[in-house]
Amino acid sequence: MDLLKGFGKLAGDFTGRVLGGTVRVAGELVHSDYIKEIGNDVERVTAKTGELAGRAASGVWDVGAGLITADKQQTKTGLHDLGDAVTITVKGAGQGIEYVVESGKEVVTGMKENDKQLIKDGAKKLGKAAAVSIIAVGVIDIIDGPDGMDPSETT
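Calculation criteria
Residues numbered from 1 in each chain as written. Predicted model: local features only at pLDDT ≥ 70, side-chain atom pairs only at ≥ 80, totals over all residues. Heavy atoms only, no water. Helix = DSSP H or I, 4+ residues; strand = E, 2+ residues; numbered from the N terminus. Buried < 20%, exposed > 50% of the residue type's maximum accessible area, 1.4 Å probe, protein only. Contact = heavy atoms within 4.5 Å. Expected span 1.5 Å × (residues − 1).

Q: How do you make sense of the overall build of the chain when you look at a structure like this?
A: In terms of regular secondary structure, the chain is built from four helices and zero strands. Along the chain, helices (α) and strands (β) appear in the sequence α-α-α-α when read from the amino end. Burial statistics for the chain: of 155 residues in total, 26% are counted as buried. Contacts in the chain between residues far apart in sequence, at least 24 positions, make up 54% of those at least 6 positions apart.

Given below as structure tokens:
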């Protein structure tokens, strides 16, 4: 269902702009290009998350509707969307892990070679990855609610 894909993309873009823009403003206030870069990455990652959520929701909808109405093409389309969402997510996670490993290697190599600049560069990359992950995952937690919260506890 293209409506769900469009909504997911729109929500991701909007949320990404708000969060990334907020971080960029903070970077401007403290005159830090590093923080502004984090804002750019937060915007990009959050937009991608919204797009993937929309694709997955569309896939689930099409599979369910296709099974109910016995429309094999709609079911196939839904499975294709779900497969794409999973593939893109796995690739993104792999790239993220690779980035963290390479950044960690820079820090270790810098320590071995007593190269302060290499240590600093690797540590900045690790910090950036952590900040973007925390902010992007935090968005999902806000939408989903706190883990383990019983609805009866929200009085």
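Q: Help me out: how do you make sense of helix α1 (residues 2-29) in this one?
A: Helical periodicity: at 3.6 residues per turn, an α-helix aligns residues three or four positions apart in one direction. With 28 residues, α1 should reach 40 Å at 1.5 Å per residue; the first-to-last C-alpha distance of 40 Å fits that figure. Burial in α1 covers these residues: G8, G12, D13, G16, G20, G21, V23 and G27. At the exit of α1 stands H31, carrying a positive phi of roughly 55 degrees.

Q: Would you explain the environment of V132 in this entry?
A: Note that V132 resides in helix α4 (residues 116-144). Residues V132 and D41, spaced 91 residues apart in sequence, show a C-alpha to C-alpha distance of 6.6 Å. Setting aside residues no more than four positions away along its own chain, V132 makes contact with I38, D41, V42 and V45.

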